[in-house]
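A structural walkthrough
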Amino acid sequence: MYKKIDKKLSLLIILFIGVGALSIGLAAFSNTLNIKPTTTVSPSRDNYKLELSCAKDSLDECELAPTSDNPELVEKSSKAIIDNTGEDLLIKNLNFYFTEPGQSVTYTFYVRNIGKSKIYLKSYGQRNIEGYDKSIKCTAGEGTSQKLVDQLCNGAGNFTLTYYIGGSGATGGGIGKFEHSIFSNTTINNTRVFIRITYRETGVRVDGPVSIELGDYYAKFSTVPNA
């Protein structure tokens, strides 16, 4: 009789051990099937690469010489400087030279998409001059009245400023700190950009040469199309 009880007890112990082992196995198996519902995608920064260039078909980071119908203006206006180091592409050192109304100076360059992603223009604008509370500063040349130069610089409508990127651009009669948003799906691929300032025929006439300094021009881009 005791042998039968020992035999049943042994079977029960074996059964408990088997059930326990099976439970552990199922738990282990269920752990291997545990799938987290969230996924993080980190696109490579190498796919998003834009650079300003002086040339359409090559990465030429030269300084930008302006163009004009008047060779003297080209000679005495500063070369613009390209800055590709930040999140926004910048054109710096925009300093123009004028002697009389009707003159204009233009800087032309290109935005090149050298990454794999399609890039869209989002906005562009002009900043205040560093250390100055305005985006334009006028300096009288030799023999020029500073009073007249101040009237020229502070008066509305003395200059026409044109910014143009590909198929999008803006022309205004005044100059000031601004940001212009783009609502068309303008893609960037060796896209021409120009900045032109015109001393309007109807502008205040000064009695000598004047230098015009503008704040940095910038452009913002994204991989997301505009609405």
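What you see is a predicted model, and the numbers here were worked out from it, not measured in a lab.

Overall, the coordinates contain 3 salt bridges when judged by the stated rule. For K76, the salt bridge is made with E72, and the minimal N-O distance between the two is 3.5 Å. Of this pair, K76 and E72 both sit in helix 2 (residues 71-76), 4 residues apart, which is roughly one turn of the helix. In this structure K76 comes out as partly exposed when scored by relative accessible area, which is 44%. Taking relative accessible area as the criterion, E72 reaches 31% and is therefore assigned partly exposed. The residue D83 makes a salt bridge to K92 at a minimum N-O spacing of 3.0 Å. Overall, D83 belongs to the buried group, its relative accessible area being 14%. When its relative accessible area of 29% is taken as the criterion, K92 is described as partly exposed.

All right, on to the pairing of strand 12 (residues 210-214) then. Only one face of strand 12 is covered, namely the one carrying V210, I212 and L214; the face carrying S211 and E213 has none of its residues buried. Bridge count between strand 4 (residues 94-98) and strand 12: 5 bridges; the pairing is antiparallel. The residue bridging Y97 from the neighbouring strand is S211, located in strand 12.

Another point: the confidence of the model for the protein chain. Of all residues in the protein chain, 75% have pLDDT values of 70 or greater, and the mean over the chain is 79. Predicted confidence in the protein chain is weakest over helix 1 (residues 2-32), with a mean pLDDT of 51, and strongest over helix 2, with 95. Here residues 26-36 is a poorly scored stretch, pLDDT under 50, and it has 0 contacts once near neighbours within four places are set aside; other chains count.

A sheet is described by the order of its strands in space; here 3 strands give the open sequence 4-12-7, paired in antiparallel fashion. Only two strands of the sheet have a single neighbouring strand rather than two, namely strand 4 and strand 7 (136-140). Adjacent strand axes in the sheet meet at a mean angle of 20° when their direction is disregarded.

Turning next to helix 3 (residues 146-154). Restricting attention to buried positions, one finds in helix 3 the residues V149, L152 and C153. The buried residues of helix 3 occupy an angular sector of 90° when projected down its axis, which confines them to one face. Turned more than 90 degrees away from the buried face of helix 3 sit K147 and N154, all of them exposed. Elements that come into contact with the buried residues of helix 3 comprise strand 7, strand 8 (159-165), strand 11 (191-199) and strand 12. Two or three places before K147, at the opening of helix 3, S145 has a side-chain oxygen 3.3 Å from that residue's backbone nitrogen.

Rules behind the numbers
- For every chain, the first residue of the written sequence is number 1, and numbering continues from 1 onward in sequence order.
- Given that the model is predicted, a residue must reach a pLDDT of at least 70 before its local features are reported, and side-chain atom pairs must reach 80 or more before they are shown or counted; all residues, however, enter totals for whole chains, interfaces and linings.
- Each side-chain value is worked out from all heavy atoms of the structure, with water and hydrogens disregarded.
- One speaks of a salt bridge when a side-chain nitrogen belonging to Lys or Arg is within 4 Å of a carboxyl oxygen belonging to Asp or Glu.
- Secondary structure elements are taken from DSSP: a helix is a run of H or I of four residues or more, a strand is a run of E of two residues or more, and numbering for both begins at the N terminus.
- Burial classes: relative accessible area under 20% of the type maximum marks a residue as buried, over 50% as exposed, and values in between as partly exposed (1.4 Å probe, protein chains only).
- Strands qualify as paired when DSSP identifies two bridges or more between them.
- Confidence scores per residue from the predictor, reported as pLDDT, run from 0 to 100.
- Any pair of residues with heavy atoms lying within 4.5 Å of one another is described as a contacting pair.
- Interaxial angles span 0 to 180 degrees and are taken between N-to-C directions of axes, which are lines fitted to C-alpha atoms, for helices over the stretch in contact.
- The arc in question is the one traced by the directions running from the helix axis out to the C-beta atoms.
- Whenever a nitrogen or oxygen atom comes within 3.5 Å of another N or O atom, the pair is scored as a polar contact, on the condition that within protein one atom can donate a hydrogen and the other can accept it, and that pairs from neighbouring residues in sequence are kept only if both atoms are in side chains.

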